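Observations on chain architecture
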Amino acid sequence: MEHVSECFNKRSRLVRGHAVQDPARPLHRGDPGTLEARLASLLRIQNDFFPCFDWTFPPPLLTKQSPPASAEALFSGTSILPGRYSIYLHSPFCKTLCNFCYYAVLPGKGIQRAETYVDYLLREMALYADVLADAECESVYFGGGTPTFLDDGLLSRIFEGLHRYFRIDPAAEITIEAAPGTLGRDKLAHLQSLGVNRLSYGIQTLDEALLAGMNRHYRVAEAERELVAAVEVIGNVNVDTMYGFDGEREDTLPATLERFVELGVPSVSIYALDKQRSQTKQNFEPPKDALYEYKIRQFARAEALLRDRGFRPVLQNVFLDPDRASYIHQVRRWDNLPLLGLGLNSQGYAPATPYQNLGSLKLYCEAIDAGRIPVSTMERLDRELDFCRELTSKLRFTQVSRAELHFKYGVDIDEVFGDLTRALEGLGFVERAGELLRMTPKAAYYNNIIPMLYAPDAFKERLTGLPEEYIERFPVPYVLTGLGACQSAPFRFRDRPRERRLHADRRRGRAEGHAPAQERRAGPGRRATDHAGLRIAA
């Protein structure tokens, strides 16, 4: 059964979005002088979720295109960052299915199909080897599922395949996800021998009563022992935490975070429970979250606690000790760096082309047997949408450097969106720090809507093709279409002069002549990135 998505700009295996009808209605244009007042009137609608780590622009609601059969066709565009890319690969196998999970997973006895799956994963790698032969992979993220649920022999085959088919930078950040009960000392030693230098450990909470309600079958003491060993062996370890569970005490998240600090964990990511994607919906109704304001308060409390312990935000919901941890892979995602997605249901980003692999194991294998890349959908972005993907994503998760975007694309965001930025500044939702633009703590209530305002007017006009009842009842399309056209000027893209060079070691998050961004103090309510202080030479 198909279900209408009640979430405008996030993906789920359980829901689909409304199709946009053509022709859309013309987008009205108001007086720039009334923009601030119109925004104040429109921004009285609750965000659909807080915070969400996979907010995406453009939203998956829009019509997708049929994918090409070959890697050459998929990667035929010109990258804004030529010669570099990253890899995400997916293992769908887990011991159990958590009750909040919406990913493509094969729990329990599904592991019996692991050897066959790895065979096909390696064959998929081979399909992309030629097209990426002249580029270098700067980071690898192995997610799931629970990749460490695979045995050592299968893990070895996967990493051998990565090095056989792709040029991996010797300094690449290589991350693997793990879960309690899959990370003994022998497994850690094997991961280290494979070159893993970052580990993300999914504990969620140290409250055993809450764990029991998640279908997580492990003891806290066992998880803590594995975690301490991982910090000792791998060092660069992140722990995933969640909050917003039914029956959760207000001190549960702070107590969990304090314990992680005591155990020496150098990085923590914080997610609010998102029931909207993990429950099948049959009724067409707007998103409602009774714990919405509680989640905002709890997140602010957690951020203050972690900052006080010396942690710094590198993304909106990821905090780390800059001397002991990194998360280059995700930070670079918002640079429009190409991302090769491998495995079941994985998401990738070919130049100006978001795409997603097939979510059915049967169809995934059939595509590879036929010599086709196993891609299910893609969307070719025009220059405006590609530019705004970087602009909106950085505003949502980190901060925006006007100078960097101008260098990369030749577009001045103040020229195109100056009226909008001044209106949002007047309302206290964004602030400037030199060349940087970021959201303020006041923007938390609308932090999924405000970045979308920086979408091209042509994109907003397409949204008027949605059903009227959808526009009226759902936050993002309601605000965007209600606001109307708000560009101050058309986009004017200019090619970069060839003699200009960007002097920055982006692989290590270090701008030349500056401290790593994770060591720079992030402004209130926003995130540090590796883009502040870039030096551009003619």
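Residues numbered from 1 in each chain as written. Predicted model: local features only at pLDDT ≥ 70, side-chain atom pairs only at ≥ 80, totals over all residues. Heavy atoms only, no water.

Further remarks concern the overall build of the protein chain. In terms of regular secondary structure, the protein chain is built from 18 helices and 20 strands. A total of 538 residues make up the protein chain; the buried ones form 61% of that total. For the protein chain, the proportion of contacts with a sequence separation of at least 24, taken over those separated by at least 6, is 76%. Summed over all atoms, the accessible surface of the protein chain reaches about 20800 Å², with 48% contributed by carbon and sulfur. (Helix = DSSP H or I, 4+ residues; strand = E, 2+ residues; numbered from the N terminus. Buried < 20%, exposed > 50% of the residue type's maximum accessible area, 1.4 Å probe, protein only. Contact = heavy atoms within 4.5 Å. Areas by Shrake-Rupley, 256 points an atom, 1.4 Å probe, with all protein chains shown as cover.)

Turning next to the pairing of strand β5 (residues 168-178). β5 sits mainly inside the fold: nine of its 11 residues count as buried. Here five bridges tie strand β4 (residues 136-144) to β5, and the two strands are oriented parallel to one another. Each residue of the ladder has a partner; that of cysteine 137, found in β5, is isoleucine 168. Once the chain exits β4 it traverses helix α4 (residues 152-165) before rejoining the sheet at β5, and the crossover so formed is right-handed. Pairing between β5 and strand β6 (residues 198-204): four bridges, direction parallel. The residue of β6 that forms the bridge with threonine 175 is arginine 198. (Pairing = 2+ DSSP bridges. Right-handed = clockwise from strand over helix to strand, strands pointing away.)

Let us look at the pattern of salt bridges. Tallied over the entire structure, the rule returns 30 salt bridges. Note that aspartate 457 is salt-bridged to arginine 29, the shortest N-O span being 3.0 Å. Of this pair, aspartate 457 sits in helix α16 (residues 457-463) while arginine 29 sits in the segment before α1 (35-42); the two residues are 428 residues apart in sequence, bridging distant segments of the chain. Since its relative accessible area comes to 11%, aspartate 457 is described here as buried. Lysine 187 serves as the salt-bridge partner of aspartate 152, at 3.1 Å between the closest nitrogen and oxygen. Linking aspartate 152 in helix α4 with lysine 187 in helix α5 (residues 185-193), this pair joins segments that are 35 residues apart in sequence. (Salt bridge = Lys/Arg side-chain N within 4 Å of Asp/Glu carboxyl O.)

This paragraph deals with the environment of aspartate 369. Structurally, the position occupied by aspartate 369 is in helix α12 (residues 361-369). Aspartate 369 gets classed as partly exposed once you look at its relative accessible area, which sits at 46%. Not counting residues up to four positions away in its chain, the partners in contact with aspartate 369 are Tyr120 and Arg123.

Here we have three strands laid out as an open sheet, ordered β15-β17-β16, and antiparallel in their pairing. The outermost strands of the open sheet, each flanked by one partner alone, are β15 (400-401) and β16 (430-433). Its contacts with the sheet place helix α13 (residues 383-397) against β15 and β17 (436-439), and it is angled at close to 60° to β17. Contacts from helix α15 (residues 413-426) reach β15, β16 and β17 within the one sheet, and its direction differs from that of β16 by about 120°. (Axes fitted to C-alpha atoms, helices over the stretch in contact; angles between N-to-C directions.)

Its 17 residues give helix α10 (residues 292-308) an end-to-end C-alpha distance of 25 Å, which sits within 8% of 24 Å, the value for a rise of 1.5 Å per residue. Buried-residue contacts for α10 involve β7 (237-243), α8 (252-262), β8 (267-272) and β10 (318-320). Positive backbone phi, approximately 95°, marks glycine 310, located one or two places after α10. (Expected span 1.5 Å × (residues − 1).)

Here we take up α12. Residues of α12 that are buried: Leu361, Tyr364, Cys365, Ala367 and Ile368. When α12 is viewed along its axis, its buried side chains cluster within an angular range of 160° and face the same direction. Just beyond α12, the residue with positive phi is glycine 371, at close to 80°. (Arc of directions from axis to C-beta.)

Let's shift gears to the packing of α5 against helix α7 (residues 220-233). At their nearest, the axes of α5 and α7 sit 10 Å apart, and the two run at 30° to each other. Classified by the angle between their axes, α5 and α7 sit roughly parallel to one another. The element α5 and its partner α7 pack so that their crossing is right-handed. Residues Arg185, Leu188 and Gln192 of α5 touch α7, and the partners they reach there are Glu226, Ala229, Ala230, Glu232 and Val233. When its residues are assigned to classes, the contact of α5 with α7 shows four nonpolar, one polar and three charged. (Parallel < 35°, antiparallel > 145°, perpendicular 65-115°, else oblique. Left-handed = near helix turned anticlockwise from the far one by under 90°. Nonpolar A, V, L, I, M, F, W, Y, C, P; charged D, E, K, R; others polar.)

Here the focus is the packing of aromatic side chains. This structure, assessed with the given rule, holds 19 aromatic pairs. Note on phenylalanine 387 and phenylalanine 491: the rings are 5.8 Å apart at their centroids and 75° apart in plane angle, and the pair reads as edge-to-face. Separated by 104 residues along the polypeptide, phenylalanine 387 in helix α13 and phenylalanine 491 in the loop between α18 (475-483) and β18 (501-505) bring together distant segments of the chain. Their ring planes at 80° and their centres at 6.2 Å tell us that phenylalanine 387 and phenylalanine 493 sit as a pair that is edge-to-face. One end of the pair, phenylalanine 387, is in helix α13; the other, phenylalanine 493, is in the loop between α18 and β18, with 106 residues separating them in the sequence. A residue is classified by how much of its surface remains accessible, and phenylalanine 387, at 0% relative accessible area, is buried. Following the ring pairs from residue to residue traces out a cluster consisting of Phe387, Tyr409, Phe417, Tyr454, Phe491 and Phe493. In this arrangement the basic side chain of arginine 198 is found over the ring face of tyrosine 327, its NZ or CZ atom lying 3.9 Å from the centre. (Phe/Tyr/Trp six-rings, centres within 6.5 Å; stacked < 30°, edge-to-face > 60°. Lys NZ or Arg CZ within 6 Å of the ring centre and 35° of its normal.)

The next thing to look at is unusual backbone geometry. Going from phenylalanine 57 to proline 58, the amide bond is cis rather than trans, its omega being -10°. Looking at the element boundaries, proline 58 is found in the loop between α1 and α2 (71-74). Cis rather than trans, the peptide bond between glycine 144 and glycine 145 has omega equal to 20°. When you line up the elements, glycine 145 lands in the loop between β4 and α4. Positive phi values are uncommon outside glycine, yet asparagine 336 reaches one of about 60°. Within the secondary structure, asparagine 336 sits in the loop between α11 (328-333) and β11 (339-342). Positive phi, close to 55°, is recorded for alanine 352, a residue that is not glycine.

So, on to the side chain of aspartate 386. In this structure, aspartate 386 sits in helix α13. Despite its burial, aspartate 386 pairs with no opposite charge; the closest candidate is arginine 389, at 5.8 Å N-O. Separated by 2.2 Å, the side chains of aspartate 386 and tyrosine 349 make a polar contact. In this structure aspartate 386 touches Asn336, Tyr349, Ala352, Leu381 and Tyr409, once residues within four positions along its chain are discounted. (Lys, Arg positive; Asp, Glu negative; His and termini not counted. Polar contact = N/O pair within 3.5 Å; in protein donor to acceptor, adjacent residues only side chain to side chain.)

Function cannot be inferred from these measures alone, as they are strictly geometric.
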